[in-house]
Amino acid sequence: MRLAVTIDVEEEGLFSSRYEPGNAPVRNVVELKRLDPVFREWDIRPTLMIAYQVIRTAEHRDLLLALRETWNGEIGAHLHPWNTPPLETLPYPEPVPSELMRRELLAAKLGTLCDALHAMGVDPVSFRMGRFNIGPKIFSLLEEIGVRVDSSIAPMRRYYGGPAHLSAPVDPYFPDPQELCSPGSSPILEVPMTILPLIPRLGAVLDRIGDAGLVPGSWISWFSMNLGSLPAQPAWTGLNRLKAAVRLHQARRGRVLSVFFHSSELLPGGSPLHPGTDAVGRFLNKLDRFFSWLKREITVESQTLSELCDSYEHPGGAGGTTTTEGRTS
């Protein structure tokens, strides 16, 4: 099994629903250095998904470039539309879903982010949308600028205003550009978060229930997140549930384990989950034990998103050497 570790490198405050339009604090970025012993010990090759607010600081740019080399990793683009210029007041609460924005505005924001990455010597081929809020509109823009791999789909999740990803495949797939949860013809490889439905195809059932209006959408969101799924995400659950999720994924013949967390979760007080130094220390210890178990029991190979993309062949013939089929949750 291959392992994709991605880190959203971003400003603080999002866990408190503060979507600051200007100079949001980015103190947490230097805390990425805490990961060095763990990543070196277990040969973890992460993809650092960098938001615009982070790139504005020269110190952070230098640090991220150095960490990329140290960890033999990759730098990708992470779009936070709420504070990436050009800024425009919209008649919706933040974070404004991408599908409610004008395509021209989205394109301009994506251009600002990519220009900033180019200025630091990075040509991003991997991408993640803020709040996992990806829809056909932003996906079509990614195709135009040459992004090769996206990791914005969170199976078994629904978010405000955005397309529901309840029924998305768990393993990487090439999506339908208009129905991102279905395999199709896009040249972009989608690497979804590893979040497993406890019962196969449960996401599709919940989708149908929601479409029929049989229960409130908020109930479906709560059920799918808390009772209907098992996430292999270190910041969201304990070590034993992480192991159970991986074993279930393995039993279902999963090929790729895709895990993520936020840079702010390494800063004491940067996340409600980690209010102090002790909590951050426990999180780092959990990561160490989890990666140790993966290497010892599952025999995973850590790859960056672009390396993972290179190993997949598009059904139409483009791509790498390994054919894959999308699996529906």
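Rules and cut-offs
Residues numbered from 1 in each chain as written. Predicted model: local features only at pLDDT ≥ 70, side-chain atom pairs only at ≥ 80, totals over all residues. Heavy atoms only, no water. Salt bridge = Lys/Arg side-chain N within 4 Å of Asp/Glu carboxyl O. Helix = DSSP H or I, 4+ residues; strand = E, 2+ residues; numbered from the N terminus. Buried < 20%, exposed > 50% of the residue type's maximum accessible area, 1.4 Å probe, protein only. Contact = heavy atoms within 4.5 Å. Core = buried A, V, L, I, M, F, W, Y, C linked by side-chain atoms within 4.5 Å. Pairing = 2+ DSSP bridges.

### Here's the deal with the pattern of salt bridges
So, step 1. Summed over the entire model, instances satisfying the criterion amount to 12 salt bridges.
So, step 2. We note a salt bridge from Asp8 to Arg128, for which the minimum N-O separation is 2.6 Å. In this pair, Asp8 sits in strand S1 (residues 2-9) while Arg128 sits in strand S4 (residues 126-129), placing the two residues 120 residues apart along the sequence. Like Asp8, the residue Arg128 is buried in the burial classification.

### Let's talk about the side chain of His60
So, step 1. Residue placement: His60 occurs in helix H3 (residues 58-71).
So, step 2. Apart from residues no more than four positions distant in its own chain, His60 is found in contact with Val26, Val29, Val30 and Val54.

### A short note on the nonpolar core
So, step 1. Leu35, Phe39, Phe290, Phe291 and Leu294 are the most contacted members of the largest nonpolar core, which totals 71 residues.
So, step 2. By residue number, the principal contributor to this core is helix H9 (residues 277-298), which donates nine residues.
So, step 3. Those residues in contact with Leu294 that sit more than four places away from it in its chain are Leu3, Val246, Leu257, Thr299 and Val300.
So, step 4. In this structure, Met49, Val149, Leu189 and Tyr312 belong to the second largest nonpolar core, which totals 11 residues.

### Some thoughts on the pairing of strand S3 (residues 74-79)
So, step 1. Summarising burial for S3: six of the six residues are buried, a large majority.
So, step 2. Of the two faces of S3, the one lined by Glu74, Gly76 and His78 and the one lined by Ile75, Ala77 and Leu79 are each fully buried.
So, step 3. In this structure, strand S2 (residues 47-50) lies alongside S3, joined through four bridges in parallel fashion. Across the sheet, the residue bridging to Thr47 is Glu74, located in S3.

Read these as spatial facts, not as claims about activity.
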